[in-house]
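What follows is each chain in one-letter form.
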Amino acid sequence: PPMCKQPHSRAAAYRFLNSACKNCIQNQSWIVESLYSYLPPFQNISNWSWMYNPSAIEKHYKYLGLNNLGATCYMNSLLQQLFMVPEFRRDILKAVPCEDADEVNLLRELQKMFGFLQESEQHFYNTRPFCSKYLDYSGEPVNLREQMDVDEFFNMIFDKLQRSLKKSDNEKILETHFEGKVVSQVICKYNKHRSERIEPFFTISLEVKNMNNIKESLHAYVSSTTLDGENKYRCEECGGLSDAIKRTCIESLPNHLILHLKRFEFDLELLRKVKLNDYCEFPLELDMFPYTKTGVDHFETVHNGDYNAHQKVDNNNNN
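In this text, all values refer to a predicted model and were calculated from it rather than measured experimentally. (Residues numbered from 1 in each chain as written. Predicted model: local features only at pLDDT ≥ 70, side-chain atom pairs only at ≥ 80, totals over all residues. Heavy atoms only, no water.)

S.K.: Explain the overall build of the chain to me, please; I cannot follow it from the model alone.
M.R.: Of the regular secondary structure elements, the chain holds 10 helices and 12 strands. The burial tally for the chain puts 33% of its 319 residues in the buried class. Here the analysis covers contacts within the chain between residues at least 6 apart in sequence; of these, 64% occur between residues at least 24 apart. Surface accessibility of the chain: about 21,200 Å² in total, with carbon and sulfur atoms responsible for 51%. (Helix = DSSP H or I, 4+ residues; strand = E, 2+ residues; numbered from the N terminus. Buried < 20%, exposed > 50% of the residue type's maximum accessible area, 1.4 Å probe, protein only. Contact = heavy atoms within 4.5 Å. Areas by Shrake-Rupley, 256 points an atom, 1.4 Å probe, with all protein chains shown as cover.)

S.K.: Sorry if this is basic, but what is going on with the pairing of strand S3 (residues 180-188) here?
M.R.: Moving residue by residue along a regular strand, the side chains alternate between the two faces of the sheet. Burial analysis of S3 places eight of its nine residues in the buried class, the great majority of the element. Here S3 folds back onto strand S4 (residues 194-201) in antiparallel fashion, the turn holding five residues, of which Lys192 has a positive phi close to 65 degrees. One ladder, built from eight bridges, connects S3 with strand S9 (residues 244-252); its direction is antiparallel. Counted as the bridge partner of Ser184 is Thr248 from S9. (Pairing = 2+ DSSP bridges.)

S.K.: What's the story with the packing of aromatic side chains in this structure? I'm lost.
M.R.: A ring pair, where both rings are aromatic, is described by two values, the distance of the centres and the angle of the planes. Enumeration according to the criterion identifies 10 aromatic pairs in this entry. Here the aromatic rings of Phe130 and Tyr134 are separated by 6.3 Å at their centres, their planes lie at 15 degrees, and the arrangement is stacked. As far as the burial class goes, Phe130 and Tyr134 line up, both buried. Pairwise contacts between aromatic rings join Phe83, Phe88, Phe114, Phe154, Phe158, Phe178 and Phe202 into one cluster. Its guanidinium or amino end placed over the ring of Phe83, Arg89 lies 4.4 Å from that ring's centre, counting from NZ or CZ. (Phe/Tyr/Trp six-rings, centres within 6.5 Å; stacked < 30°, edge-to-face > 60°. Lys NZ or Arg CZ within 6 Å of the ring centre and 35° of its normal.)

S.K.: Which parts of the structure should I look at to understand the layout of surface pockets?
M.R.: A water-sized probe rolled over the atoms picks out the places where empty space is left. By volume, the second largest pocket is sized at about 960 Å³. Surrounding the second largest pocket, 30 residues form its lining, Gln81, Ile258, Leu259, His260 and Leu261 being those nearest its centre. Those elements that provide at least two residues to the lining of the second largest pocket are helix H3 (73-83), helix H7 (150-165) and strand S10 (259-262). Ranked by residue count, the leading element in the lining of the second largest pocket is H3, at six residues. Residues belonging to the lining of the second largest pocket are distributed by class as follows: 19 nonpolar, six polar and five charged. (1 Å grid on protein atoms, 1.4 Å probe; cavity = no way out; pocket = protein on both sides within 12 Å on 5 of 7 lines; lining within 4 Å. Points joined across faces, edges and corners; volume = space filled by probe spheres on them. Nonpolar A, V, L, I, M, F, W, Y, C, P; charged D, E, K, R; others polar.)

S.K.: I would appreciate a short explanation of the pairing of S4 in the present structure.
M.R.: Two elements, S3 and S4, share eight bridges in a ladder whose sense is antiparallel. The residue bridging Gln185 from the neighbouring strand is Glu196, located in S4.

S.K.: How should I be thinking about unusual backbone geometry in this particular structure?
M.R.: The phi angle of most residues is negative, glycine excepted, and most peptide bonds adopt the trans form. Positioned with a positive phi, Lys192 is a non-glycine residue whose angle comes to about 65 degrees. For Lys192, a relative accessible area of 41% gives the class partly exposed. Although it is not a glycine, Leu271 sits at a positive phi angle of roughly 60 degrees. Summarising the element assignment, Leu271 is placed in the loop between strand S11 (264-267) and strand S12 (272-275).

S.K.: Before we go on, may I ask you to explain the environment of Asp149 in this structure?
M.R.: Within the secondary structure, Asp149 is located in the loop between helix H6 (128-133) and H7. Given a relative accessible area of 16%, Asp149 falls into the buried group. With 113 residues separating them along the chain, Asp149 and Lys262 place their C-alpha atoms 9.0 Å apart. Contact partners of Asp149, with chain neighbours within four places excluded, come to His260 and Phe264.

S.K.: Could you clarify how one ought to interpret a nonpolar patch on the surface in this entry?
M.R.: Together, Tyr14, Phe16 and Leu17 make up an exposed nonpolar region whose accessible area comes to about 360 Å². Mapped onto the fold, Leu17 is located in helix H1 (residues 7-21). (Patch = residues over 30% accessible without salt bridge, like charges linked within 9 Å, V, L, I, M, F, W, Y side chains within 5 Å. Salt bridge = Lys/Arg side-chain N within 4 Å of Asp/Glu carboxyl O.)

And the structure:
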């Protein structure tokens, strides 16, 4: 942050610079060259407005913004959300990657961005240096004018950050803050035998189409489906095929839970992804217990162990 923000401290700094330049060409040259780094490029000097107004580039609120370079709003919104997790921001800023690790330059640009957002007095940060180091899987820079699914961007940047932190003392930063576990269950209807598979996650993807709020989306996420008919489950305990319930619920929650709303779907007529603009409410406080394995088991106990299968009905389809 600026060291001389008050009029008296700025006046003292100017006096110091004046004294340092007096009768010393070397100091004068060094100070002038240092000032160049704070000036915009000179190629458009003829279009400059010489009415310099510091308040136009200084922030007026506690936090800074990230400028949109065309269609990078998806990127800016996610990076701002990650920055607003104080513990994660602190660990990223103090991370020291191995020099031979992949994606080191991207991590350094993220550190530079977080440091600027935390300490700078300007009102926005130019994300162009970060975008130049963020390469897709084919090694090409991100297209600044093409909107991307934020979940796709999230998966890519977390993959890159994991590689940049590999074999360092900070290797588990992402897991510490954002990793949870989900459990996929298949439950035999006859003897209640359970087959479970536990997997880690960084985000939980929720449907928003035809959903009024986040709670409805979460209920749909943990709702069960019935395996019967040709889809019967081969139960190890029964020794044969039987009807069963299949569902997914949360085994353990992360320190910071990220919910991804599925705002894009593939249009079979247009043969491309289209954005869903369905309205979806979310509460300021969210109780996740009903969607955990313990919460779902508790619900079943209260309802005398009955299992319920929920099916979404398309009211527009008459077949």
